[in-house]
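Close look at the chain arrangement
The chain contents come next:
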Amino acid sequence: MMAQKKMANAKQGEKPASGAGVSMLWKAAHVLSDRLDIYDHIAANVIELLDEGCTVPFIARYRKEKTDNMEAEKLREVQAAYEELKGVQSKACNVVKQVEKQGKMTDGLLSAVRRSTTIEELEHLYAPYKVGSKATLAERARQLGLEPAAVGLLSQPHTYRPQQLVRPGEEGRQSSEEVDKGVQHIVADIVSKDKETMDTIRAMCKAGHVKLESTKSKSTAKKEKEQENATHKFEQYYTFSCPIKYIKPHQVLAINRGESQKILSVKINIPDDVKTRFLTFCERRWVPRNAPQHAAGVIMKAVEDAYSRLIQPLMIRHYRADLTKTAEKQSAAVFSHNLQRLLLQPPVRGRVVLGVDPGYRHGCKLAVTSQTGQILHTDVVYLHDNRAVREADRVKRILLSHRCQTVAIGNGTACRETEAFFSQHIQQGTFRPLDVVYCIVNESGASIYSVSDEAKKEMPDLDPNLRSAVSIARRLQDPLVELVKIEPKNIGVGMYQHDISESILKAALDGVVEECVSFVGVDINVCSETLLRRLAGLNANRAKKLVEWREANGSFINRDQLRSVKGLGPKTFEQCAGFIRINPISINSSAAKSTTEEEQSSNTAPGKKRKAAAEPKKRTKKAKTEANLTLNPLDMTCIHPESYSIALQFLNRIGGSLDELGQQNMRTKVQAALVNNNVEMLAAELKCGTPTMQLIIDGLQQPLDYDIRAEFEKPLFKKGLVSMSDLKAGTTLTGRVTNLTDFGAFVDIGVGKDGLIHKSKIRPDRLKGKKSLGPGDKVEVKVLNVDPSRGRIGLELLTLIS
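Okay, so let's go over this structure. (Residues numbered from 1 in each chain as written. Predicted model: local features only at pLDDT ≥ 70, side-chain atom pairs only at ≥ 80, totals over all residues. Heavy atoms only, no water.)

**Remarks on the overall build of the protein**
For the record, the criterion: Strands are runs of DSSP state E lasting at least 2 residues, helices are runs of H or I lasting at least 4, and numbering of each runs from the N terminus. Summary of the burial criterion: residues with accessible area below 20% of their type's maximum are buried, those above 50% are exposed, and those between are partly exposed, where the area comes from a 1.4 Å probe applied to protein chains only. Contacts are assigned to residue pairs that have any heavy atoms within 4.5 Å of one another. In short, Shrake-Rupley with a 1.4 Å probe defines the accessible areas, and a residue's cover is counted only from the protein chains shown.
Helix and strand content of the protein: 33 helices and 17 strands. By residue count, 49% of the 802 residues in the protein fall in the buried class. The contacts of the protein with a sequence gap of at least 6 include a subset with a gap of at least 24, amounting to 69%. For the protein, the accessible surface area stands at approximately 39,800 Å², while carbon and sulfur atoms represent 50% of it.

**Notes on the environment of glutamine 102**
Counting through the fold element by element, glutamine 102 comes out in the loop between helix H6 (72-101) and helix H7 (107-115). For glutamine 102, a relative accessible area of 29% gives the class partly exposed. With 28 residues separating them in the primary sequence, glutamine 102 and lysine 130 have C-alpha atoms 9.9 Å apart.

**Comments concerning the packing of aromatic side chains**
The line we're drawing: Pairing of aromatic rings covers Phe, Tyr and Trp, the last counted by its six-membered ring, and requires centre-to-centre distances within 6.5 Å; plane angles under 30 degrees mean stacked, over 60 mean edge-to-face, and any other angle means tilted. Only Lys NZ and Arg CZ are tested; either one counts as a charge over a ring when it is within 6 Å of the ring centre and within 35 degrees of the ring normal.
Counting across every chain of the model gives 9 aromatic pairs. Aromatic side chains phenylalanine 58 and tyrosine 62 sit 5.7 Å apart centroid to centroid with 45° between the ring planes, which places their arrangement in the tilted category. Pair noted here: phenylalanine 58 and tyrosine 62 are both in helix H4 (residues 56-62), with a separation of 4 residues, about one helical turn. In this pair, the class of phenylalanine 58 matches that of tyrosine 62, namely buried. Their ring planes at 40° and their centres at 5.6 Å tell us that phenylalanine 278 and tyrosine 307 sit as a pair that is tilted. With phenylalanine 278 in helix H15 (residues 272-286) and tyrosine 307 in helix H16 (residues 293-343), the pair connects residues that are 29 residues apart, well separated along the chain. The pair formed by phenylalanine 278 and tyrosine 307 is uniform in burial state, with each residue classed as buried. Counting every residue linked through ring pairs, the aromatic cluster contains Phe58, Tyr62, Phe519 and Phe579. The positively charged end of arginine 285 is found above the aromatic ring belonging to tryptophan 286, 4.5 Å away from the centroid. Here the guanidinium or amino end of arginine 563 rests over the ring plane of phenylalanine 573, the centre of that ring lying 3.8 Å away.

**Quick notes on the pattern of salt bridges**
What counts here: For this analysis, a salt bridge means a side-chain nitrogen from Lys or Arg found within 4 Å of a carboxyl oxygen belonging to Asp or Glu.
The tally for this structure, following the rule as stated, stands at 40 salt bridges. Between lysine 74 and glutamate 77 there is a salt bridge, with the nearest N and O atoms lying 3.6 Å from each other. With lysine 74 and glutamate 77 both in helix H6 and 3 residues apart, this pair spans about one turn of that helix. Among the residues examined, lysine 74 registers a relative accessible area of 25% and is labelled partly exposed. Its salt-bridge partner being lysine 329, residue glutamate 84 comes within 3.0 Å of it at the nearest N-O pair. Remark: lysine 329 occurs in helix H16 and glutamate 84 occurs in helix H6; sequence separation between them is 245 residues. Each of the salt bridges in this network shares a partner with another, and the network as a whole consists of Arg63, Lys571, Glu574 and Glu642.

**Considerations on the pairing of strand S13 (residues 732-741)**
We count it as follows: Note: two strands are recorded as paired if DSSP finds a minimum of 2 bridges between them.
Among the 10 residues in S13, 7 count as buried, and that is most of the element. By the bridge criterion, 5 bridges tie S13 to strand S16 (residues 778-787) in an arrangement that is antiparallel. Residue pairing in the sheet places glycine 735 in a bridge with valine 779 of S16. Two elements, S13 and strand S14 (residues 744-748), share 5 bridges in a ladder whose sense is antiparallel. Across the sheet, the residue bridging to asparagine 739 is phenylalanine 746, located in S14. Counting the residues between successive antiparallel strands, the hairpin from S13 to S14 contains 2 residues.

**Notes on helix H33 (residues 690-701)**
Rules: Here, expected helix span is obtained from the residue count minus one, scaled by 1.5 Å.
Counted at 1.5 Å a residue, the expected span for H33 with its 12 residues is 16 Å, and the 17 Å between its end C-alpha atoms agrees. Of all 12 residues in H33, 9 are buried; the element is thus mostly enclosed. By the burial criterion, the buried members of H33 are Pro691, Thr692, Met693, Leu695, Ile696, Ile697, Gly699, Leu700 and Gln701. Structurally, H33 contributes buried residues whose contacts are with H4, helix H5 (64-67), helix H30 (644-654), helix H31 (664-676) and helix H32 (679-685).

**Digging into the sheet that holds strand S15 (residues 755-758)**
Backbone hydrogen bonds are what pair the strands of a sheet, in a parallel or an antiparallel way. Spelled out, the test is: Lines fitted to C-alpha atoms define the axes here, with helix axes fitted over just the stretch in contact, and angles between the N-to-C directions of these axes take values from 0 to 180 degrees.
In spatial order, the strands read S13-S14-S15-S17-S16; together these 5 strands close into a barrel with mixed pairing. Direction aside, neighbouring strands of the sheet carry axes that sit 50° apart on average.

**Here's the deal with the pairing of strand S17 (residues 792-800)**
Within S17, 7 of the 9 residues are buried, which leaves it mostly tucked inside the rest of the structure. Where S15 lies against S17, 2 bridges are found, and the strand directions are parallel. Residue pairing in the sheet places isoleucine 757 in a bridge with leucine 795 of S17. Taking the residues that link successive antiparallel strands as the turn, the S16-S17 hairpin has 4 residues, and the phi of glycine 791 there is positive, at about 65°.

**Topic: the environment of aspartate 180**
Assignment of secondary structure puts aspartate 180 in helix H11 (residues 176-192). Looking at aspartate 180, the relative accessible area reads 10%, which means it is buried. For aspartate 180 and leucine 165, which are 15 residues apart along the polypeptide, the C-alpha to C-alpha distance reads 9.7 Å. Among all residues touching aspartate 180, those that are not within four sequence positions of it are Tyr160, Pro162, His294 and Val298.

**Some details on the sheet that holds strand S4 (residues 239-243)**
Taking strand neighbours across the sheet as the criterion, the 3 strands line up as S4-S3-S5 in an open arrangement whose pairing is antiparallel. Taken across any chain shown, the strands that pair with only one partner, and hence form the sheet edges, are S4 and strand S5 (264-269). Along the sheet, successive strands turn relative to each other by an average axial angle of 15°, direction set aside. One ladder, built from 6 bridges, connects strand S3 (residues 211-216) with S5; its direction is antiparallel.

In structure tokens, the structure reads:
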């Protein structure tokens, strides 16, 4: 299939990848096509866009024609793989430079370097030449002058005469046996670096039953012998064996962790039949026909040595590295998926919220926030000792004084007891006449945020402990706005995230945050600098420039004004403009006027005569500014400014006007136009791509307050809870997915301990068309088993509640 794709779509005249002076013998697009199962021309287009400085959200939304409608998740995968290849190119350049510096570069080595597509391959080739590394056996033999004999042995075995190479008194050549040994080492090195040979052993291993095995380490066995009844969380891996093609990512990461803690001993088991078949292949590949018996024996001994000493250890290292890399990528993907669902939880608008950061000894921290997130009140109450009754009255007064009926409880320490407190008093009617409900909120990272510079800047006069309560309340009101203030890795919705490469995790999570912020969009006139930093095309410095411009000049009136911000060039505008919204409601209409009046008055102020003298130039600039101060209704949509002319042509064609954007009249006119013309026909008529035409059609019809987060499940509000002791097998409950892993989904069913739906209990026909569950999904589950002593609850998915 992929071969057909290449033949049909390979770019003509495409040059091999070049790594700063080293021309690689492969094309990046071809490698990505093979690894990721995408067409060559699509891979080439994505590479071109990334090299131009395009961001993943921009490509995913506005360059669908070039990517065949590739989703953002797949684009991130391509981006990560491309970055790996660029790392290989850079490493190859460094290897060539270092080896040439030593004067040891050969045509064979250079060719092998240029063929390498992974860092592991380059490390294997470079290992003998590392500064300070011990010279290899082959290198020592070459220093003895035995390389011509080794090359001659492979090409003209009849001429091989080890007796003639003996030099008495010279170590390594004192006898024919020593000469044979040195020649074997050189031949073994040649065999281990031969492309055809290495491709063959890889294919044989792939077809064979290579296994990852783990056993209890000697130190662990000794400790457990001293403690007769001791059990361990790695117990299931004490006698573990699994073919590498079937092993799960979470198993690899668990085994790696056990090995790093010296609890497990781990090895890769390559079957003996692989070696047998490999030696048979090498006999055909390396031993010339009619070779003398002695010469053939030396070659085969070299092949066996190459396999045992060089090739097998290399394959083992390759498998371990590959398994770990795959597991890390999967872990990062799971974390990314969970984080995306968490960030895209629908905001709870129009409610005053009481945020509660639970605690025992130091009390529960409270913070009341207004509908817009402003801090109205903070306090500390002690709900878990003999003061609980009195404190209940205080909580009631706080709720009544702010007409607050919604409580957000952090899911950290003392969450269960705090939930029980509110549940009890709601049931008793303590808070009447208020109809109070509560919701459990993920508080991961809140404590880290509360002592951050960002929090100090935002809430300088507030105690750090109270800041976390504010964060919890705001997380319910608008999860995206609040969670972008926290480093993604500190939001605990992953699997083994502390065991994987920080660079891999950071790249994946930062990409997800950028994607979520961009696809939701930001109101440029009210959003925070923190949120702007995460928008496609922007960074901390550019976000700061935008906010400074807004503070100095008043509200942005249209997207085109972004061009006037210093530091935002054409490329930055292209990348961010489509994700920025200009909402007339949030525009301070007097801002532009007051700015102009200040400029006029400053011209006649004392000490400003030079400005007054330059008045004609000032008027020109002012006229240009006034020309730009025009509201454009399209700035409230997801349509990119580059497509405005097409959108206006389409509006003219259907008899619509900009005043009708997002209204029923517009939807009626658009649907009428689609009766006789499909999207492809309209795209051809207006000379644009079909995806762009579809985006314009969607943008014109969507309500101006449209939010993609509305498509996701809203937070689960409760008034009471169930105890774990009340659970019985067969009980049916509803709950909310809190985390997704490779082995199943964890669900909050309101008993203070999440239950696990094992993946074997998640039937695809119960997902209602979705690929998988994710954090925030509301589900109906059946209790399968309860183990109070271990705090485990087994569940089965009954249905996904839409």
